[in-house]
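Coordinates in review
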Amino acid sequence: MKLRFTIFAVIIYSVFLVGCDLITDRDQPAQSTTVGNDLIINEVFSISPDKYYAYSWIEIYNPTNHDINWYNSTNPASGWVAGDGGTVLWTNESGDSWTKYTTDTVPKFNKIAYYNKDTLFAVGNQGKIYKSTDKGQSWFTIYSKPEYGNFQSIWVLNFYSGIPNPKVLWVSGDSGTVLRSINRGTSWTKITSLSLPTKPIITDIFGINTTFLTVCGDTIILRSENIGTHWTKQSTPRQEKYNAIRYTRTIDGAISSTEGRCVGTNGVILYTVSGGGVWLSDTSTVTVDLNSVSCFQTGHAWAVGNNGTIVKTTTKGTAPWTRLNSGTNVNLNYVEFVDQEHGFVLGDGGLILYTSNGGTTWTRQESGTTAKLTSASFLPLLEEVLNLYVIQAWCERQHVFADRSTFPPIINRDFITKVDTGFVYFQSQNNVTLEPGGFVVITSDENKFENHTYTGPSDPIMMHNDIAAVFSSNNLDSINNEARNQSFTFARWNLLRTSEIRLLKIFVKFSSSEPMGSGIEARTLEVIRFGDYQLSTDYSFNLPAPAMPEWWSLARYKNLLKTDLNTFSTNQYYYLTNTPIPGWVSQLASP
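The following refers to the structure shown. (Residues numbered from 1 in each chain as written. Predicted model: local features only at pLDDT ≥ 70, side-chain atom pairs only at ≥ 80, totals over all residues. Heavy atoms only, no water.)

Focus on the overall build of the chain
When its secondary structure is counted, the chain shows 4 helices and 46 strands. Scored against the burial criterion, the 591 residues of the chain give a buried share of 57%. For the chain, the share of sequence-separated contacts (at least 6 apart) that also reach a separation of at least 24 residues comes to 60%. Carbon and sulfur atoms form 48% of the exposed surface of the chain, whose accessible area is close to 23600 Å². (Helix = DSSP H or I, 4+ residues; strand = E, 2+ residues; numbered from the N terminus. Buried < 20%, exposed > 50% of the residue type's maximum accessible area, 1.4 Å probe, protein only. Contact = heavy atoms within 4.5 Å. Areas by Shrake-Rupley, 256 points an atom, 1.4 Å probe, with all protein chains shown as cover.)

Side note on the packing of aromatic side chains
One pass over the full model with this rule turns up 35 aromatic pairs. Taking the centre distance of 5.5 Å and the plane angle of 45° together, the rings of Phe45 and Tyr55 count as tilted. Here Tyr55 lies in the loop between β3 (40-46) and β4 (56-61) and Phe45 lies in strand β3, a separation of 10 residues in the sequence. In this structure, Phe45 and Tyr55 share a single accessibility class: buried. Relative to Phe151, the ring of Tyr143 lies with its centre 6.4 Å away and its plane at 35°, an arrangement referred to as tilted. (Phe/Tyr/Trp six-rings, centres within 6.5 Å; stacked < 30°, edge-to-face > 60°.)

A short note on unusual backbone geometry
One non-glycine residue, Thr219, adopts positive backbone phi at about 65°. Assignment of secondary structure puts Thr219 in the loop between β19 (213-217) and β20 (221-224).

Topic: the sheet that holds strand β12 (residues 128-132)
Pairing within the open sheet is antiparallel, and its 4 strands lie in the order β10-β11-β12-β13. Edge positions in the open sheet fall to β10 (111-114) and β13 (140-144), since each of these has one partner strand only. Recorded for the sheet is a direction-independent mean angle of 25° between the axes of neighbouring strands. Two elements, β12 and β13, share 4 bridges in a ladder whose sense is antiparallel. Each bridged residue has a counterpart across the sheet, and for Lys128 the counterpart in β13 is Ser144. (Pairing = 2+ DSSP bridges. Axes fitted to C-alpha atoms, helices over the stretch in contact; angles between N-to-C directions.)

What about the pattern of salt bridges?
With the rule as written, the count across this model stands at 18 salt bridges. Between Lys448 and Asp445 there is a salt bridge, with the nearest N and O atoms lying 3.9 Å from each other. The residue Glu526 makes a salt bridge to Arg556 at a minimum N-O spacing of 2.2 Å. With a gap of 30 residues between them, Glu526 in strand β43 (residues 514-530) and Arg556 in strand β44 (residues 553-556) connect regions that are remote in the sequence. Under the relative-accessibility criterion, Glu526 is labelled buried at 0%. Three or more residues are tied together by salt bridges with common partners; here these are Glu500, Arg502, Arg529 and Asp538. (Salt bridge = Lys/Arg side-chain N within 4 Å of Asp/Glu carboxyl O.)

What to know about the pairing of strand β7 (residues 79-83)
Of all 5 residues in β7, 5 are buried, a share of seventy percent or more. Burial of the side chains of β7 extends over both faces: Gly79, Val81 and Gly83 are buried on one face and Trp80 and Ala82 on the other. Here β7 runs beside strand β8 (residues 88-91); their pairing, made up of 4 bridges, is antiparallel. Each residue of the ladder has a partner; that of Ala82, found in β8, is Val88. What sits between β7 and β8 in their antiparallel hairpin is a turn of 4 residues, with Gly85 showing a positive phi close to 65°. Of the pairings in the sheet, the one linking β7 to strand β34 (residues 373-378) comprises 5 bridges and is antiparallel in character. Bridge pairing in β34 links Ala82 to Ser375.

Notes on the nonpolar core
Membership of the largest hydrophobic core comes to 67 residues, with the highest contact counts inside it found for Ile58, Ile60 and Ile501. Residue contributions to this core peak at 10 residues, all from strand β35 (residues 383-403). Setting aside chain neighbours within four positions, we find Ile60 in contact with Leu39, Ile40, Ile41, Trp70, Ile391, Leu434, Gly438, Phe439, Val440, Ile442 and Leu503. Judged by nonpolar contacts, the second largest core, of 27 residues, contains Trp170, Cys216, Tyr247 and Val268. (Core = buried A, V, L, I, M, F, W, Y, C linked by side-chain atoms within 4.5 Å.)

Description of the sheet that holds strand β29 (residues 322-324)
Within a sheet, adjacent strands bond to each other through the backbone by hydrogen bonds, running parallel or antiparallel. Strand order across the open sheet formed by 4 strands is β26-β27-β28-β29, with antiparallel pairing between neighbours. Pairing within the sheet leaves two strands with one partner each, and these edge strands are β26 (290-295) and β29. Across the sheet, the axes of successive neighbouring strands diverge by a mean angle of 25°, strand direction being ignored. Here strand β28 (residues 309-313) runs beside β29; their pairing, made up of 3 bridges, is antiparallel. In the strand pairing of β29, Val311 is matched with Arg323.

Structure, rendered in structure tokens:
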């Protein structure tokens, strides 16, 4: 951990000093980034550099309902969501944003599961099994038997199971169908040993290892301990349609061989502490159909169902379940928790609910779809991400002398070696926390700001950041190389009358297998342009606002906080004002 934060301290000093690969979609469409779900640029002020009293400031605002640290360490959830219309969504930051993949060749995903972070499998109607080898971006059919009806569930013995080179997959569906693959989906065998008097729908299937698995369906629970060669019908206290079955797992993906839950119609909840040998009835406190269940260590479990129903327990059985307030009445189809606090619920109409407190409160996430969402699959929380915010701005740059014989370098602010224009990068060298509705003001000259600016009713956090990092190119791949070789320079900065400002969020990833870092990713949160700025080629729809007159500022309309970055245009979301007041949510509403 000490090593990670040493690296992090270097990043705080200069954004790209670590020698990791930099991955960015700077010149690509935004990743369905919704402006307003994170920090935003609220107001900008600048006195042109040709004036002796020139200075600039940039105000950042927190429009969300939660605290945001300028930099912090998290274990974000990464995973996929699937549903009708071939819908596949991907997140690697706990659903703060979702990337939608277009899969027109797939009419419907009933269940999705991963083998590793690149390879996924899914099942759908008409006897279809699908596979993706590019993290869910594209899919192809690996099995098709329309006569088998619809496949309802798939279980994959995944890369993180602790079993070397796992290859076992299971599929269940209509007419009592159960399929097995022992070569990771290359070929499939239909299991004929279930010996059921009828052909019920096998709604769900769940395995613990290569040999032990359980299935549930219309009034039945079956268990096999020898890779499906023989099956035992389990005694159940109620005759219901069982929709989902899960065993308890831990944060690293390990699965309990004894503790499990099963849910179904009319609010039925069963539990086992004997690996499915005995199933007992639990007190669910609801009577609606329950469609999914998620079980986590130490007895925590959640179930969801129709009419917005979410129930929770924190014991291993017998105690009544508590009904939680979901804030919706739509049918809920799937639930999955990645630890005891953080979980996701999927529903009709593209609904994604997220909790970070075990289900006490739920927030709706922007899914970007109205499709019925039926399944999710989340990777274990094995990755740590250090993230921070960075400002990139087109400025006048007064290059200063830096003595690199020490770390950090000694900078002489009064020794100007060159003056030019171009992009600079800077961020806080101290962590700050923005409360909901809070402001940070980054200034290029501390004294001039305090002598010439009145603040609003809030108490904004001041970042006196007169020195920024300068690279010879604005291409982020080139920047990474310069940072690796420490060939960048430092400069004092001031915004130009024609300029662009980007708010970036930088993610530095670590895992147990890559303690030095598996890479850096950069996300563009917002781009504002003014003074007919036309230098960048990306986001061509983002038309600039006019140039700021002297002593005026460029402020955001107070009612225009959220939009997709792909539809964002500065001249529509900002206006010129002759009363710059940092620490105040812009007073004017868009006409």
